[in-house]
Amino acid sequence: MVDEHSPAFGVLFDIDGVLVRGTTLIPAAKEAFRLLLDKNGKFRAPVVFVTNAGNCVRQARAQQLSAILEVEIPQDQVILSHSPLRMFHRFHDKQVLVSGQGPIAEIAKNVGFQHIITIDMIREAFPQLDVVDHSRRPKHLPPPKMDFPQIEAVILFGEPVRWETNLQLIIDVILSDGKLASAPHVVPYPHIPVLACNMDLLWVTEATMPRFGHGTFLVCLENIFKKITGLELRYEALIGKPSIITYKYAECVLRQQAMKRGWTAPIQRLYAIGDNPMADIYGANLYNQHIQAACGDQVHAQVKGHKVMETLKEESVVLKYFKPEEELPLGAADWCKSILVCTGMYRRYNEMPSDPEESVVETVFHGHRDFCFDPSLVEPSWIVEDVKEAVELIYKEEGWV
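Residues numbered from 1 in each chain as written. Predicted model: local features only at pLDDT ≥ 70, side-chain atom pairs only at ≥ 80, totals over all residues. Heavy atoms only, no water.

Visitor: Looking at this structure, how should I read the pairing of strand β13 (residues 269-274)?
Guide: Consecutive side chains along a regular strand alternate between the two faces of the sheet. Summarising burial for β13: six of the six residues are buried, a large majority. Residue alternation in β13 divides its side chains into two sets, Arg269, Tyr271 and Ile273 and Leu270, Ala272 and Gly274, and both sets are buried. Where strand β1 (residues 9-13) lies against β13, five bridges are found, and the strand directions are parallel. Looking across to β13, one finds that Leu12 is bridged to Ala272. Note: β13 against strand β16 (residues 335-341), six bridges, orientation parallel. Residue Tyr271 lies in a different strand from β16, and its bridge partner there is Lys337. (Buried < 20%, exposed > 50% of the residue type's maximum accessible area, 1.4 Å probe, protein only. Helix = DSSP H or I, 4+ residues; strand = E, 2+ residues; numbered from the N terminus. Pairing = 2+ DSSP bridges.)

Visitor: Sorry if this is basic, but what is going on with the sheet that holds strand β12 (residues 237-239) here?
Guide: Hydrogen bonds between backbone atoms are what pair the strands of a sheet, whose relative direction is either parallel or antiparallel. Reading across the sheet, the five strands line up as β7-β6-β8-β9-β12 and stay open at both edges, with parallel pairing between neighbours. Both edges of this open sheet fall to β7 (115-118) and β12, since each of them pairs with a single strand only. Between one strand and the next, the sheet's axes are offset by a mean angle of 20 degrees, whatever the strand orientation. Two elements, strand β6 (residues 95-99) and β7, share four bridges in a ladder whose sense is parallel. Across the sheet, the residue bridging to Val96 is Ile116, located in β7. (Axes fitted to C-alpha atoms, helices over the stretch in contact; angles between N-to-C directions.)

Visitor: Where do I start with the side chain of Ser243 in this structure?
Guide: For Ser243, the position within the fold is in the loop between β12 and α7 (244-261). Owing to a relative accessible area of 0%, Ser243 belongs among the buried residues under this scheme.

Visitor: Before we go on, may I ask you to explain the side chain of Arg44 in this structure?
Guide: Structurally, Arg44 can be placed in the loop between α1 (27-36) and β4 (47-50). Residue Arg44 is classed as buried on the basis of its relative accessible area, which comes to 18%. A polar contact is formed between the side chain of Arg44 and the backbone oxygen of Leu35, at a distance of 3.2 Å. (Polar contact = N/O pair within 3.5 Å; in protein donor to acceptor, adjacent residues only side chain to side chain.)

Visitor: Where do I start with the environment of Val401 in this structure?
Guide: Inspection of the secondary structure assignment puts Val401 in the segment after α9 (387-398). Here the alpha-carbon distance between Val401 and Leu35, two residues 366 residues apart in the chain, equals 9.5 Å.

Visitor: Explain the packing of α1 against α9 to me, please; I cannot follow it from the model alone.
Guide: A pair of packed helices is characterised by two quantities: the angle between their axes and the separation of those axes. Two elements in contact, α1 and α9, have axes separated by 7 Å at closest approach and are oriented at 25 degrees. For the element pair α1 / α9, the angle class is roughly parallel. Residues Ala28, Ala29, Glu31, Ala32, Leu35 and Leu36 of α1 lie in contact with α9, whose contacting residues are Val387, Lys388, Val391, Glu392 and Tyr395. Considered class by class, the residues forming the contact of α1 with α9 number eight nonpolar, no polar and three charged. (Parallel < 35°, antiparallel > 145°, perpendicular 65-115°, else oblique. Contact = heavy atoms within 4.5 Å. Nonpolar A, V, L, I, M, F, W, Y, C, P; charged D, E, K, R; others polar.)

Visitor: Could you clarify how one ought to interpret the nonpolar core in this entry?
Guide: Nonpolar side chains tend toward joint burial in soluble globular proteins. Among the nonpolar cores identified, the biggest contains 76 residues, and Leu85, Phe113, Ile122 and Phe157 are the most heavily contacted of them. If you tally residues by element for this core, the top one is α7, at eight residues. For Phe157, the residues in contact, after removing those within four places along its chain, are Ser81, His82, Leu85, Val98, Ser99, Ile104, Ile107, Ala108, Val111, Phe113, Cys197 and His214. The next biggest cluster of nonpolar side chains, apart from the first, holds 40 residues, and it includes Phe13, Val47, Leu69 and Val384. (Core = buried A, V, L, I, M, F, W, Y, C linked by side-chain atoms within 4.5 Å.)

Visitor: Honestly, unusual backbone geometry in this entry has me stumped. Any pointers?
Guide: For residues besides glycine, phi is generally negative; the peptide bonds are generally trans as well. Geometrically, the link from Tyr189 to Pro190 is a cis peptide bond, its omega value of 5 degrees lying close to zero. Residues Lys241 and Pro242 are joined by a peptide bond in cis, for which omega reads 10 degrees. Within the secondary structure layout, Pro242 lies in the loop between β12 and α7. Even without glycine at this site, Glu70 takes up a positive phi of about 60 degrees. Its identity as a non-glycine residue notwithstanding, Asp177 has a phi of 60 degrees, on the positive side.

Visitor: Hey, could you run me through the pattern of salt bridges in this one?
Guide: Scanning all chains against the criterion turns up 17 salt bridges. A salt bridge links Asp130 to Arg136; the nearest nitrogen and oxygen atoms lie 2.8 Å apart. On the basis of relative accessibility, which here comes to 4%, the residue Asp130 falls in the buried class. The shortest N-O distance in the salt bridge between Arg369 and Asp370 comes to 2.7 Å. A residue is classified by how much of its surface remains accessible, and Arg369, at 25% relative accessible area, is partly exposed. Linked by salt bridges that have partners in common, Lys226, Glu232, Arg369 and Asp370 make up one network. (Salt bridge = Lys/Arg side-chain N within 4 Å of Asp/Glu carboxyl O.)

Visitor: Just to check I follow, could you spell out helix α5 (residues 163-175) for this structure?
Guide: Three- or four-residue spacings in an α-helix give side chains the same orientation, since the helix completes a turn every 3.6 residues. Taking 1.5 Å per residue as the helical rise, α5 with its 13 residues ought to reach 18 Å, and the 18 Å between its terminal C-alpha atoms agrees with that figure. Taken together, the buried positions of α5 are occupied by Thr165, Asn166, Leu167, Leu169, Ile170, Ile171, Asp172, Val173, Ile174 and Leu175. At its buried positions, α5 is contacted by β6, α4 (119-125), β8 (153-156), β9 (194-197) and α6 (214-229). In the segment just after α5, Asp177 is the residue with positive phi, at about 60 degrees. (Expected span 1.5 Å × (residues − 1).)

Visitor: Sorry, what's going on with the confidence of the model for the chain here?
Guide: Low pLDDT means the predicted atomic positions in that stretch should not be read closely. For the chain, mean pLDDT is 87; residues scoring 70 or higher make up 86% of the total. Confidence drops under a pLDDT of 50 for residues 297-319, and excluding neighbours within four residues, the segment shows 57 contacts in the predicted structure. (pLDDT = per-residue confidence, 0-100.)

Visitor: What exactly am I supposed to notice about α7 here?
Guide: Here α7 spans 26 Å end to end across 18 residues, near enough to the 26 Å set by a 1.5 Å rise per residue. For α7, the buried fraction is high: 15 of the 18 residues fall into the buried class. Its side-chain oxygen placed 3.1 Å from the backbone nitrogen of Ile245, Ser243 serves as the N-cap of α7. Downstream of α7 by a residue or two, Gly262 has a phi angle that is positive, lying close to 80 degrees.

Visitor: What should I look at first to understand the sheet that holds strand β17 (residues 382-384) in this one?
Guide: As summarised here, the arrangement of the six strands in space is β5-β4-β1-β13-β16-β17, forming an open sheet in which the pairing is parallel. If you trace the sheet from one side to the other, it starts and ends with β5 (78-79) and β17, each paired once. Two strands pair when backbone bridges link them, and β4 and β5 are joined in this way by two bridges, in the parallel orientation. By the bridge assignment, Val50 is partnered in β5 with Ile79. Taken strand by strand, helix α8 (residues 277-292) contacts β13 and β16, and its axis lies near 165 degrees from that of β16.

Pasting the structure below:
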């Protein structure tokens, strides 16, 4: 049997569709956590909760998750879609436009941004720009606000509430090169940096069918920009699952957790549990592919038309604009395997295919435009019914009781 006192593996849990549906606990989650915790209520192995949700700060999500699961979840074990932005120091002192919902300015400050401009601030300064809703059109236009700061980057945290307003004003900012007080003479290209978190096209809640996610909003933004300009909207970075950036960040957090607990064995194996083949499974498999390719001097993510990964040096990924703000322990796992549960986006209506090579998803690719579709990347290492079975499978693989 393997020594359980110093685990050599870590577990990445998705939240929505794996542990909860909306705010409702999936029954198997409580049973899974009985297996995960020791008699003192501590995790028996390094665990992180990796979600593409991003409409709150991680402390709030940790408190919400703790209340639902009835288990204490520290905030440093929660990775939201925007958490890796903490490492993007190059943008922290720029004037950035942020889009999303919830306490958006607080979220931006929490991950390090210092000069934040919201959609509402633009509406207040330039009310003539938001005119789709006739009831919100200004009756008297104020003089142009010439002292409004030039916007240097756009940060897309998640789907907003009023899509038409956000789509219009984000396009205005990009087309004007961040200078809203004057009309552009030519379309600036390359345009100002755009960083996007959460590429999920759909997500599950208590509703009978999946709901639009931030990925759907991005589809709208990309196609509007292309229709107007004939050019491709380009992203400086795409963050959140299935981005390699997010999985590398999660691995570093797992190693940090192991150090705090005094576990000395290196983290060699990663298990990623999710319900969405196009985000959780694709991302885990893409990261595994990245790990396997790490013996080279240079590695690029499978991204069409845009490099996410820059270089690989001494077993640590060096990302463009990505520099740790704290001592996150670096290293390299041997592999990352994916476990697909049937309690969320993916439903196993029939028996598991007898042919392991048979695809478990349709050929329609719900992933982001900039990620190439590779059928092998949406095939999980294992399919199980729920998260309890997933934890039991991990323990069996690790030789744990």
